[in-house]
Amino acid sequence: MRQIAPSELIINSDGSIFHLHLRPGQLATTIILVGDPGRVRQVSSHFERIEAEAANREFTTVTGTYKGKRMSVVSTGIGTDNIDIVVNEIDALFNIDFGTRTVKEEKTSLTLVRLGTCGSITPDLRIGDLILSRISVGFDGLLNYYHGRNEICELEIEQAFMEHTGWGRLLTAPYFIRCSEMLAKLFADTTVEGMTISAPGFYAPQGRYLRLRPADPELNGKIERFEYQGHRFTNFEMEGSALAGLSRLLGHEATTICTVIAQRVALGMEPDYRPFVDKMIAMSLEKLSQI
Ligand code: R1P
Ligand code: URA
């Protein structure tokens, strides 16, 4: 059996995993992921009981119960590079035996729901609306480093999109990936389904122009006009693609739900978006307590 070397699966001296500082057993199988470490408290303040807490860098975790259901909330920080760390380490905590450093024969499947914020790119989606990423689209390239990427991605849409945009040769190949069917059904009556771009940055990668001009100033227009078998782009955020992709490869159920805080077409913005995020959290806890 393949033994994973200490340099590959890094275990701290207290038995916790390298970045998350969590030990096996400290996470629930239902996990809410948030970008902002400050949002962890916003979620865990709803728990009636807290059993474990950990913090290292941008990764803060609380495990507890909501209406009797064991749940964890973990902050990821910004970007799909952080999602690579968080999803691999969460999976290892369940599916790798830390004693023998071998992959367990019996796998545990997890439920991972990211609750984030986003910018909408369709005029009919307004500040405070909740978009569930039915399809996540990675402009970040992370999934392209993993074996099996082609087996889980929507290759026809990828091809059509690259042709439609004249995708730049210096950009990494975008990947289109569907989220968990089960979670899409669970949240169907409280969210709008969308096709979400996870960008590898907040400014030019999402078409913003402060002092530095985007390489292709027409890219957002082409994105807004793209349509494939009824699928159109709805919003920009920065993590969902890697979450959807890695979770599919590992056998977990995952999706991203985001509150719209910026309207990129109508150019509106709500800097005091906390009450909207509060509502998203309360709704999501309620839904997740039912599965
Ligand atoms: C950018 O401001 C951040 O906000 C969005 C983006 O994905 C990015 O992480 O999500 P969060 O509010 O979850 O961080
Ligand atoms: N998060 C993003 O990544 N983009 C936005 O426009 C708003 C939030």
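Everything numeric in this text was worked out from a predicted model, so none of it was measured. (Residues numbered from 1 in each chain as written. Chains lettered and ligands numbered in written order. Predicted model: local features only at pLDDT ≥ 70, side-chain atom pairs only at ≥ 80, totals over all residues. Heavy atoms only, no water.)

## Quick notes on the site of ligand 2
Okay, step 1: Taken together, T117, C118, G119, F202, Q206, R208, F236, E237, M238, I261 and A262 make up the full set of residues near ligand 2.
Okay, step 2: Between ligand 2 and the protein, one listed contact pairs a nitrogen atom with a side-chain N or O atom of Q206 at 2.8 Å.
Okay, step 3: R208 is positioned such that a nitrogen or oxygen atom in its side chain is 2.6 Å from an oxygen atom of ligand 2.
Okay, step 4: Out of a free accessible area of 240 Å², ligand 2 has 94% covered by protein chains.
Okay, step 5: For the shell around ligand 2, the elements supplying multiple residues, two or more each, are β7 (111-120), β12 (231-237) and β13 (253-263).
Okay, step 6: Broken down by element, the shell around ligand 2 gets its largest block of residues, 3 residues, from β7.
Okay, step 7: For the shell around ligand 2, the residue count by class is 6 nonpolar, 3 polar and 2 charged. (Near = heavy atom within 4 Å. Polar contact = N/O pair within 3.5 Å; in protein donor to acceptor, adjacent residues only side chain to side chain. Areas by Shrake-Rupley, 256 points an atom, 1.4 Å probe, with all protein chains shown as cover. Helix = DSSP H or I, 4+ residues; strand = E, 2+ residues; numbered from the N terminus. Nonpolar A, V, L, I, M, F, W, Y, C, P; charged D, E, K, R; others polar.)

## Details of the nonpolar core
In a soluble, globular protein the nonpolar side chains are often hidden away together inside.
Okay, step 1: Grouped together as the largest cluster of nonpolar side chains are 33 residues, with contacts concentrated most on L27, L33 and I90.
Okay, step 2: At the level of elements, β1 (30-34), α2 (80-95), β9 (175-178) and α7 (240-250) are the ones that each hand at least two residues to this core.
Okay, step 3: Among the elements that take part in this core, α2 stands out by supplying 7 residues, more than any other.
Okay, step 4: V34, L130, V277 and M283 belong to the second largest nonpolar core, which has 25 residues in total. (Core = buried A, V, L, I, M, F, W, Y, C linked by side-chain atoms within 4.5 Å. Buried < 20%, exposed > 50% of the residue type's maximum accessible area, 1.4 Å probe, protein only.)

## Topic: the environment of A55
Okay, step 1: You can see A55 is positioned in strand β2 (residues 49-56).
Okay, step 2: For the pair formed by A55 and D124, sequence separation is 69 residues and the distance between their alpha carbons is 39 Å.
Okay, step 3: Apart from residues no more than four positions distant in its own chain, A55 is found in contact with H21 and T60. (Contact = heavy atoms within 4.5 Å.)

## Describing unusual backbone geometry
Okay, step 1: For Q229, which is not glycine, the phi torsion reads 45° and is therefore positive.
Okay, step 2: Looking at where Q229 falls in the secondary structure, it is placed in the loop between β11 (227-228) and β12.

## Some points on the pairing of β7
Within a regular strand, the side chains alternate between the two sheet faces.
Okay, step 1: Counting buried positions along β7 gives 10 out of 10 residues, so the element sits mostly inside the fold.
Okay, step 2: On β7, burial covers both faces: T111, V113, L115, T117 and G119 on one face and L112, R114, G116, C118 and S120 on the other are all buried.
Okay, step 3: When β1 meets β7, the two strands line up parallel, connected through 5 bridges. From the neighbouring strand, I31 faces β7, where its bridge partner is L112. (Pairing = 2+ DSSP bridges.)

## A closer look at a nonpolar patch on the surface
Okay, step 1: Taken together, the side chains of F202, Y203 and L210 present a nonpolar region at the surface, about 340 Å² in accessible area.
Okay, step 2: For F202, the position within the fold is in the loop between β10 (192-198) and α6 (219-225).
Okay, step 3: Among the residues examined, F202 registers a relative accessible area of 40% and is labelled partly exposed. (Patch = residues over 30% accessible without salt bridge, like charges linked within 9 Å, V, L, I, M, F, W, Y side chains within 5 Å. Salt bridge = Lys/Arg side-chain N within 4 Å of Asp/Glu carboxyl O.)

## Topic: the packing of aromatic side chains
Okay, step 1: For the structure shown, the criterion picks out 9 aromatic pairs.
Okay, step 2: Here the aromatic rings of F139 and F161 are separated by 5.9 Å at their centres, their planes lie at 25°, and the arrangement is stacked. In this pair, F139 is assigned in the loop between β8 (130-138) and α3 (149-152) and F161 in helix α4 (residues 155-165), connecting sequence segments 22 residues apart. F161 matches F139 in its accessibility class, with the two residues each being buried.
Okay, step 3: Look at F202 and Y203: their rings are 5.1 Å apart centre to centre, the planes differ by 75°, and that puts the pair in the edge-to-face class.
Okay, step 4: On the basis of relative accessibility, which here comes to 44%, the residue Y203 falls in the partly exposed class.
Okay, step 5: Its end group placed over the ring of F202, R208 keeps NZ or CZ at 3.9 Å from the ring centre. (Phe/Tyr/Trp six-rings, centres within 6.5 Å; stacked < 30°, edge-to-face > 60°. Lys NZ or Arg CZ within 6 Å of the ring centre and 35° of its normal.)

## Side note on the site of ligand 1
Okay, step 1: Residues in close proximity to ligand 1 include G35, R39, I78, R114, G116, T117, F202, E237, M238 and E239, which together make up its full environment.
Okay, step 2: Contact distances for ligand 1 include 2.8 Å between an oxygen atom and a side-chain N or O atom of R114.
Okay, step 3: Within the backbone of M238, a nitrogen or oxygen atom sits 2.8 Å from an oxygen atom of ligand 1.
Okay, step 4: With the chains in place, 85% of the 340 Å² that ligand 1 exposes on its own is no longer accessible.
Okay, step 5: Looking at which element gives the most residues to the shell around ligand 1, the answer is β7, with 3 residues.

## Regarding the confidence of the model for the chain
Low pLDDT marks stretches whose predicted atomic positions should not be read closely.
Okay, step 1: Mean pLDDT over the chain works out to 97, with 100% of the residues at or above the 70 mark.
Okay, step 2: At the low end of the mean pLDDT range in the chain sits strand β14 (residues 268-269), at 84; at the high end sits β1, at 99. (pLDDT = per-residue confidence, 0-100.)

## Remarks on α2
Okay, step 1: Along its 16 residues, α2 runs 22 Å from first to last C-alpha, staying within 8% of the 22 Å computed at 1.5 Å per residue.
Okay, step 2: In terms of burial, α2 is largely enclosed, as 12 of its 16 residues are buried.
Okay, step 3: Residues of α2 that are buried: T80, N82, I83, V86, V87, E89, I90, D91, A92, L93, F94 and N95.
Okay, step 4: Buried residues along α2 sit in contact with β1, β3 (59-66), β4 (69-75), β5 (96-97), β6 (102-103) and α7. (Expected span 1.5 Å × (residues − 1).)

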